[in-house]
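Geometric and topological summary
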Amino acid sequence: MTDPIGDPRPLTAGVMGWPIVHSRSPRIFAHWFAAAGIEGRYCHLAVCEADFEQVFRTLPRAGFRGVNVTVPHKLSALRCADSATDTARQIGAANMIRFTPDGEIIADNTDAYGFIENIRQGAPDWNPASGPAVVLGAGGAARAVLVALRDAGAPQIRLINRTSVKADDLAAELGDPISVIPWQERSSALADAATLVNTSSLGMTGQPKLEIALDDLPETALINDIVYTPLRTDLLAAGRARGNPTVDGLGMLLHQARPSYRAWFGGDPLVDETLRQVCLA
């Protein structure tokens, strides 16, 4: 079988994390392999933090073309790589690694890309430059979302987190147009916003509810929750009930995988309803 990009190495990649068995990424890649008619292999790689660097550096010699990286290894992946893209450096973490044929380890981050592409697919009329964005949460996912919104032209980004110190540090690191709003003012901070994004774990299955009143949010504002368990969170349900455009978080997972597939295997895989159903099955 001829390799799509002329690479003599096996069509092998995977996803590293701890734990990792819950990851849906192998489903995504298996679907794309079948659609492209290639015999690729994409596997779970359960690696604890203590063993990460040793395993990470072994993978190129084991024939891997690359790996995706998830918690708790995104910071370590960036640190251990030989080089990194500007996007990975800005976000401060790596979720996609490419191993070159000569063994170089290149770190990238596709979370910001996945975030933007998911919204553009789910809400084609969304214009990030039309007004302020409100981002809830200041964890690792928030970093990618903030960089994506800033680069997409959001004129103001209001960062709100239960722990203000984390938000302050993140805003100081990433700079304009990010400003920190106290958690207790989260509802009033929605006034005149064009975009509301929840990057926190609040509202996720098994986590506390996200308590926020949407009364001051314009009905034209887009609401996105990067949580996809459940797929329809209370935040999205409340927004839909009042007429706001809403986009769930599953598409971010799907779209962030596309640059990895392109880099390792060639071609531009399709994100559509069939793929969504494969992941949800």
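This write-up is about the structure you can find in this document.

Conventions we followed
- Residues numbered from 1 in each chain as written.
- Predicted model: local features only at pLDDT ≥ 70, side-chain atom pairs only at ≥ 80, totals over all residues.
- Heavy atoms only, no water.
- Helix = DSSP H or I, 4+ residues; strand = E, 2+ residues; numbered from the N terminus.
- Rg over C-alpha atoms; globule rule 2.2 N^0.38 Å.
- Buried < 20%, exposed > 50% of the residue type's maximum accessible area, 1.4 Å probe, protein only.
- Contact = heavy atoms within 4.5 Å.
- Areas by Shrake-Rupley, 256 points an atom, 1.4 Å probe, with all protein chains shown as cover.
- Lys, Arg positive; Asp, Glu negative; His and termini not counted.
- Charge placed at Lys NZ, Arg CZ, Asp CG, Glu CD.
- Phe/Tyr/Trp six-rings, centres within 6.5 Å; stacked < 30°, edge-to-face > 60°.
- Disulfide = S-S within 2.5 Å.
- Axes fitted to C-alpha atoms, helices over the stretch in contact; angles between N-to-C directions.
- Parallel < 35°, antiparallel > 145°, perpendicular 65-115°, else oblique.
- Nonpolar A, V, L, I, M, F, W, Y, C, P; charged D, E, K, R; others polar.
- Pairing = 2+ DSSP bridges.

Bringing the overall build of the protein into the picture now. Along the protein, the regular secondary structure elements total 10 helices and 12 strands. Relative to a compact globule of 281 residues, whose C-alpha radius of gyration would be 19 Å, the protein shows 19 Å and is just as compact. The principal-axis extent of the C-alpha atoms belonging to the protein is close to 55 × 35 × 35 Å. Here the protein holds 281 residues, and 53% of them are scored as buried. Restricting the contact set of the protein to residue pairs at least 6 apart, pairs at least 24 apart contribute 67%. Here the protein displays about 12400 Å² of accessible surface, and carbon together with sulfur accounts for 51% of that area. Side-chain charges of the protein comprise 25 positive and 31 negative groups, with the mean position of each set lying 4 Å from the other.

A few words now on the packing of aromatic side chains. Given two aromatic rings, one states the distance between the centres and the angle between the planes to describe the pair. Throughout the structure, instances matching the rule amount to 14 aromatic pairs. Arranged with centres 5.6 Å apart and planes meeting at 75°, the rings of Phe 29 and Trp 32 form a pair that is edge-to-face. Remark: Trp 32 and Phe 29 occur in helix α1 (residues 25-36); sequence separation between them is three residues, near one turn of the helix. An aromatic cluster is defined as three or more aromatic residues linked by ring pairs; in this entry it consists of Phe 29, Trp 32, Phe 33, Tyr 42, Tyr 261, Trp 264 and Phe 265.

Applying the stated criterion across every chain yields a total of zero disulfides. Cysteine Cys 80 remains unbridged, with the sulfur of Cys 48 as its closest cysteine sulfur at 13 Å. By relative accessible area, which is 1% here, Cys 80 ends up buried. Among the cysteines around Cys 279, which has no disulfide bond, Cys 43 carries the closest sulfur, lying 17 Å off.

Attention shifts here to the packing of helix α9 (residues 250-265) against helix α10 (residues 273-280). Two numbers describe how α9 lies on α10: the axes approach to 11 Å, and their chain directions differ by 110°. Between α9 and α10, the interaxial angle falls into the category roughly perpendicular. Contact residues: α9 offers Leu 250, Gly 251 and Leu 254, while α10 offers Leu 275, Arg 276, Cys 279 and Leu 280. In terms of residue class, the contact of α9 with α10 is made up of five nonpolar, one polar and one charged.

Strand order in the open sheet made by the six strands is β9-β8-β7-β10-β11-β12, with parallel pairing throughout. Looking along the sheet, the strands with just one partner apiece sit at the ends: β9 (178-180) and β12 (246-247). Note: strand β11 (residues 222-225) against β12, two bridges, orientation parallel. Bridge pairing links Asn 224 to Val 247 in β12. Against the sheet, helix α8 (residues 234-241) contacts β10 (195-198), β11 and β12, and its axis sits at roughly 160° relative to β11.

Quick look at unusual backbone geometry now. Omega for the peptide link from Trp 18 to Pro 19 comes to 0°, which places this bond in the cis form. With respect to the secondary-structure elements, Pro 19 resides in the loop between β1 (12-17) and α1. With an omega of 5°, the peptide bond between Asp 176 and Pro 177 qualifies as cis. Take Pro 177: it is sitting in the loop between α7 (164-174) and β9. Phi at Asp 192 takes a positive value of approximately 65°, unusual for a residue other than glycine. Looking at where Asp 192 falls in the secondary structure, it is placed in the loop between β9 and β10.

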